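These are the residues of each chain, in order.
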Amino acid sequence: MKLRVSREALLKPLQQVAGVVERRQTLPVLSNVLLQVEGNVLSLTGTDLEVEMVGRVPLIEGESGEITVPARKLMDICRELPDKAEIELILVGQRLTVKAGRFRSTLSTLPAEDFPTVEKSLAEMSTRIDSKSLKRLLDRTAFAMAQQDVRYFLNGMLIEMGGDYVKTVATDGHRLAMSTLKLEGASADSRQVILPRKGVLELQRLLNEVEGDIGIAIGANYLMAESADFVLTTKLVDGRFPDYDRVIPKNGDKLIVADKLELRQALNRTAILSNEKFRGIRVNLSSGVLQLSANNPEQEEAEETVSVDYQGAELEVGFNVGYVLDVLGVIDSDTVKITLHDANSSALLEDPSAEDSIYVVMPMKL
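Just so you know, these numbers come straight off a predicted model, no measurement behind them.

(A) Spatial organisation of the overall build of the protein. Scanning the protein from terminus to terminus reveals 7 helices and 25 strands. Expressed as a percentage of its 366 residues, the buried residues of the protein come to 52%. Looking at the protein alone, contacts between residues at least 24 apart form 67% of all its contacts between residues at least 6 apart. Surface exposure of the protein reaches about 17,900 Å², of which carbon and sulfur atoms provide 46%.

Listed below in structure tokens is the structure:
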């Protein structure tokens, strides 16, 4: 195997693929990236057995062959080479020689046949989605995924695909985020799958680099996203996602409209003196006014009043301030709409300018 490639053409795909590779692996080959040369195209593959990323790189010249090399070391070498450098990779025996200008190094290798691939059955459903619209969909819901919940199906995101829509839902049991994207076309089929947390994060990272449409295919045990230069395959979580529709409060009778920036800044200031473990903040609602207050075990306290558009009965309710701030961080509008019922009911937060996303935050006992 032998190839010549420009640093710029190689570095970005290599960084994307190396992002999937875990630093600490039980199998040494999983710390490696698979290099495959066919004609004048180099394919780079990285996997952790749950998520697989393939990047394609155009070569100046290439001779067919395949081998695996340490992903981080190859990436770090490419990163430190000067701009516009021409990189030459030559496989000699069990060593890969890397040359660029006056620089020369040799990397250890492992056989390509030892490299595992994510098994893909026949796709049962596929569509094409604008990459920026899909990125927005994921960004608006991913923050609500659980991180290390024993209910493993919460450590990921529900993706529901119908004939003319894609819906994403994430919840950690204390809050829920849901966003919907309308698609062209009408098919009676619909399918729900759960993407693992890492699959979601890698897909978000990939969408930062992609322009135009991206193909999405769903099989029995995987989801595949394909662009001109990349293919991301992630295994699906085998589990039953909660019925999200039951979680959305429908009896809210207290409607508040607040300035997003003013509310966000007030919450940030007040939260400084909240309990660091529980992050609780007390909200007192009265006509035209939202009073925020927090205290901590050191007997320190803070309070602030925010003017809001509200006419109705008084209410006192507690929330985890981090959950509310997360929602305010993804809303595009200058205002936020909050619907409440009583101190024991969840709050419904919405972006008044976009009816495609809703957020639910459960109350806290303070």
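Here the narrative resumes, following the displayed structure.
(B) Quick peek at the nonpolar core. Leu-35 and Leu-74 are the most contacted members of the largest nonpolar core, which totals 98 residues. Counting residues per element, this core draws most heavily on helix α7 (residues 321-330), at 7 residues. In contact with Leu-35, not counting residues within four places along its chain, are Met-1, Leu-42, Ser-43, Leu-44, Gly-65, Glu-66, Ile-67, Val-69, Leu-74, Leu-89 and Leu-96. If you look at the next biggest cluster of nonpolar residues, it comprises 15 residues, including Ala-146, Phe-153, Leu-158 and Met-178.

(C) View of the sheet that holds strand β18 (residues 254-259). The strand order across the open sheet built from 8 strands is β14-β11-β12-β13-β25-β24-β23-β18, with neighbouring strands paired in antiparallel fashion. Looking at strand neighbours, the two that pair on one side only are β14 (191-196) and β18, the edges of this open sheet. Averaged over neighbouring strand pairs, the angle between their axes works out to 20° when direction is ignored. Packed on one face of the sheet, helix α3 (residues 131-139) meets β11 (156-161), β12 (165-171), β13 (175-182) and β25 (354-361) and runs near 165° to β13. Against the sheet, α7 engages β13, β23 (335-340), β24 (347-351) and β25, with an angle of about 170° to β25.

(D) Structural detail: empty space enclosed by the protein. On inspection of all chains with the given rule, the structure shows 2 cavities of 30 Å³ or more. Put simply, the largest cavity is a space of about 150 Å³. In terms of lining, the largest cavity is formed by 13 residues, of which the most central are Val-283, Leu-290, Phe-319, Val-324 and Ile-338. Counting only elements with at least two residues in the lining of the largest cavity, the list comes to α6 (260-271), β19 (280-286), β20 (289-295), β23 and β24. Classifying every residue of the lining of the largest cavity by side-chain character gives 13 nonpolar, no polar and no charged.

(E) Helix α2 (residues 71-80), seen in detail. When α2 is considered as a whole, its buried residues turn out to be Ala-71, Leu-74, Met-75, Ile-77 and Cys-78. Buried residues of α2 fall within an arc of 160° about the axis and therefore sit on the same side. Away from its buried face, by an angle of more than 90 degrees, α2 presents the exposed residues Lys-73 and Glu-80. The elements touched by buried residues of α2 are α1 (7-20), β2 (32-38), β6 (65-70), β7 (86-92), β8 (95-100) and β9 (103-108).

(F) Geometry of the layout of surface pockets. Roughly 230 Å³ of internal volume is contained in the largest pocket. Together, 13 residues line the largest pocket, and Gln-192, Val-193, Ile-194, Gly-239 and Arg-240 are the ones closest to its centre. Among the elements that take part in the lining of the largest pocket, β14 stands out by supplying 4 residues, more than any other.

(G) Fine view of helix α4 (residues 197-207). Judged by how many residues are buried, α4 sits mostly within the fold: 8 of 11 residues are covered. Every buried residue of α4 is listed here: Lys-198, Gly-199, Val-200, Glu-202, Leu-203, Gln-204, Leu-206 and Leu-207.

(H) The arrangement of the pattern of salt bridges in detail. Per the counting criterion, the structure on display carries 26 salt bridges. With its nearest N and O atoms 3.9 Å apart, the salt bridge here joins Glu-211 to Lys-132. One end of the pair, Glu-211, is in the loop between α4 and β15 (213-218); the other, Lys-132, is in helix α3, and 79 residues separate them in sequence. With relative accessibility at 64%, the residue Glu-211 sits in the exposed group.

(I) Looking closely at the packing of α1 against α4. Between α1 and α4, the least distance of the axes is 10 Å, while the angle of their chain directions is 170°. When the axis of α1 is compared with that of α4, the two are roughly antiparallel. Seen from α1, the contacting residues are Gln-15, Gln-16, Gly-19 and Val-20; seen from α4, they are Lys-198, Glu-202, Arg-205 and Leu-206. The class makeup of the residues in the contact of α1 with α4 is 2 nonpolar, 3 polar and 3 charged.

(J) Structural view of the sheet that holds strand β22 (residues 315-320). The antiparallel open sheet is built from 4 strands, whose spatial order is β21-β20-β19-β22. Edge positions in the sheet fall to β21 (301-307) and β22, since each has one partner strand and no second. Each strand axis lies, on average, 20° off the axis of its neighbour in the sheet, ignoring direction. Inspection of the sheet shows β19 paired to β20 by 5 bridges, in the antiparallel sense. Note on β20: the bridge partner recorded for Val-283 is Leu-292. The strands that α6 touches are β19, β20 and β21; relative to β21, the one it contacts most, it runs at about 170°. Where α7 meets the sheet, its contacts fall on β19 and β22, and the angle it forms with β22 comes to roughly 80°.

Cut-offs and rules
Residues numbered from 1 in each chain as written. Predicted model: local features only at pLDDT ≥ 70, side-chain atom pairs only at ≥ 80, totals over all residues. Heavy atoms only, no water. Helix = DSSP H or I, 4+ residues; strand = E, 2+ residues; numbered from the N terminus. Buried < 20%, exposed > 50% of the residue type's maximum accessible area, 1.4 Å probe, protein only. Contact = heavy atoms within 4.5 Å. Areas by Shrake-Rupley, 256 points an atom, 1.4 Å probe, with all protein chains shown as cover. Core = buried A, V, L, I, M, F, W, Y, C linked by side-chain atoms within 4.5 Å. Pairing = 2+ DSSP bridges. Axes fitted to C-alpha atoms, helices over the stretch in contact; angles between N-to-C directions. 1 Å grid on protein atoms, 1.4 Å probe; cavity = no way out; pocket = protein on both sides within 12 Å on 5 of 7 lines; lining within 4 Å. Points joined across faces, edges and corners; volume = space filled by probe spheres on them. Nonpolar A, V, L, I, M, F, W, Y, C, P; charged D, E, K, R; others polar. Arc of directions from axis to C-beta. Salt bridge = Lys/Arg side-chain N within 4 Å of Asp/Glu carboxyl O. Parallel < 35°, antiparallel > 145°, perpendicular 65-115°, else oblique.

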